Amino acid sequence: MKKTSGMGVSNSHLRELESESIYVLREVAAQFERSALLFSGGKDSIVVSYLARKAFFPAKIPFPLMHIDTGHNFPETIEYRDNWVKTLDARLLVRYVQHSIDQGRVKEEKGYNASRNLLQTITLLDAIEELKLDAAIGGARRDEEKARAKERFFSHRDEFGQWNPKNQRPELWDLFNGRKNQGEHFRIFPLSNWTELDVWQYIKEENIPIPSIYYSHLRQCVDRNGTLLAKSDYLTAKEGEEYKEYRVRFRTIGDMTCTGAILSAASNIDEVIEEVAASRLTERGTRADDRRSEAAMEDRKKAGYF
């Protein structure tokens, strides 16, 4: 573990991004009393947790990692999550969508396109209320999707956990306003100014381990409206749909029912970086849940989504 934020990063652009993110994380520790780092096992939350360890080294990360578990995860992701938490020597909190279903807080979707991705929102908001969190740190980036681009580093949420893009605070001269009223909280996005390519280059520079499904492998998938969905017990096949073996990798990791793979032969990080640099499609373009409507992400965020 490197003791200073600049060591080991040869690219000056990456050094600046790293320094900015560490500054944001330290501001969270300074301004908020009860924070948690939302951890999905995806590359962005991995990088945020890695930066958190750097930000407070040699002390431990001062807030727990929290996973909102849909129950429909890739097995590789859960295995990685548990190993990574041990590596960080961090505390992990898990809250389950299944518990929200069992308690009648949310209703399981039905049909071929059913997913638990949207249901995570209630589980997250309940966890924030249960734990009395005043800040929830996430790995979202502004380049991911147009709704993400409206976010601030410190993104205010009202007492219902809802987001209003017109009611966000200015962040001039890197001054962050964490003042809030009773019941309100903030979502914190340290990677706001990073791009997907930046994340991959940083992973390479810092030699950060990531789940194997980010690299090319053979997997049984079904092609549904141009999205390659991995075979799982959670996916209901339509009549006439056929699973075939493809050589694929995943650019983003989420619920197996809505996270699409891409055809890829990129089997190492250099090949992934080359592929990402040449791509003209954002990684969110592989997510079936974002295709439900033009404003799908923004609608979910207004309701309290990540």
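Residues numbered from 1 in each chain as written. Predicted model: local features only at pLDDT ≥ 70, side-chain atom pairs only at ≥ 80, totals over all residues. Heavy atoms only, no water.

Caption draft 1: Summary view of the overall build of the chain. Within the chain, the secondary structure is distributed over 8 helices and 10 strands. Across the 306 residues in the chain, those meeting the buried criterion constitute 53%. Considering only intrachain contacts with a sequence separation of at least 6, the fraction spanning at least 24 residues in the chain is 72%. (Helix = DSSP H or I, 4+ residues; strand = E, 2+ residues; numbered from the N terminus. Buried < 20%, exposed > 50% of the residue type's maximum accessible area, 1.4 Å probe, protein only. Contact = heavy atoms within 4.5 Å.)

Caption draft 2: Quick peek at the sheet that holds strand β5 (residues 154-157). Spatial ordering of the open sheet is given by β3-β2-β1-β4-β6-β5, a layout of 6 strands whose pairing is mixed. With one partner strand each, in any of the chains shown, β3 (92-96) and β5 form the two edges of the open sheet. On average, each strand axis in the sheet is tilted by 30° relative to the strand beside it, whichever way the strands run. In this structure, strand β1 (residues 35-38) lies alongside strand β4 (residues 135-137), joined through 3 bridges in parallel fashion. Residue A36 lies in a different strand from β4, and its bridge partner there is A136. (Pairing = 2+ DSSP bridges. Axes fitted to C-alpha atoms, helices over the stretch in contact; angles between N-to-C directions.)

Caption draft 3: Inspection of the sheet that holds strand β9 (residues 244-249) at higher detail. Reading around the circumference, β7-β8-β10-β9 is the order of the 4 strands in this closed barrel, with antiparallel pairing throughout. Sheet twist, expressed as the mean angle between neighbouring strand axes with direction ignored, is 70°. Pairing of strand β7 (residues 217-224) with strand β8 (residues 227-230), which is carried by 4 bridges, proceeds in the antiparallel orientation. Each bridged residue has a counterpart across the sheet, and for D223 the counterpart in β8 is L228.

Caption draft 4: Region of interest: the nonpolar core. Judged by nonpolar contacts, the single largest core of 56 residues is most densely connected at L25, F154, I188 and W200. Sorting elements by how many residues they give to this core places helix α2 (residues 43-56) first, with 8 residues. Two domains each put at least three residues into this core: domain 1 (12-201 + 294-303) and domain 2 (211-291). Residues within four places of W200 in sequence aside, it is in contact with K43, I210, Y214, Y215, R249, I269, V272, I273 and V276. Ranked by size, the runner-up nonpolar core spans 15 residues in total, among them A36, V97, V106 and L133. (Core = buried A, V, L, I, M, F, W, Y, C linked by side-chain atoms within 4.5 Å. Domains from an automatic or database assignment.)

Caption draft 5: Quick look at the packing of aromatic side chains. If you walk through the whole model with that rule in mind, you get 10 aromatic pairs. Between F56 and F63, the ring centres sit 6.0 Å apart and the planes meet at 90°, which makes this aromatic pair edge-to-face. By relative accessible area, F63 is classed as buried at 5%. Seen in terms of ring centroids, W200 and Y215 are 6.5 Å apart; in terms of plane orientation they differ by 55°. Their pairing is tilted. Placement of the pair is W200 in helix α6 (residues 196-206) and Y215 in the loop between α6 and β7, with a sequence separation of 15 residues. The buried category is assigned to W200, whose relative accessible area is 0%. (Phe/Tyr/Trp six-rings, centres within 6.5 Å; stacked < 30°, edge-to-face > 60°.)

Caption draft 6: Inspection of the side chain of S216 at higher detail. Examined against the element boundaries, S216 turns out to sit in the loop between α6 and β7. Only 2.7 Å separates the side chain of S216 from the backbone oxygen of S264, close enough to count as a polar contact. Residues within four places of S216 in sequence aside, it is in contact with R247, V248, R249, S264, A265, A266 and S267. (Polar contact = N/O pair within 3.5 Å; in protein donor to acceptor, adjacent residues only side chain to side chain.)

Caption draft 7: Layout of the packing of helix α1 (residues 12-31) against α2. The geometry of α1 relative to α2 is characterised by a closest axis approach of 9 Å and an angle of 70° between their N-to-C directions. As the angle between them shows, α1 and α2 are arranged roughly perpendicular. Between α1, through E18, S21, I22, L25, R26 and A29, and α2, the contact on the second element is made entirely by V48, L51, A52, K54, A55 and F56. Of the residues assigned to the contact of α1 with α2, the class counts are 8 nonpolar, 1 polar and 3 charged. (Parallel < 35°, antiparallel > 145°, perpendicular 65-115°, else oblique. Nonpolar A, V, L, I, M, F, W, Y, C, P; charged D, E, K, R; others polar.)

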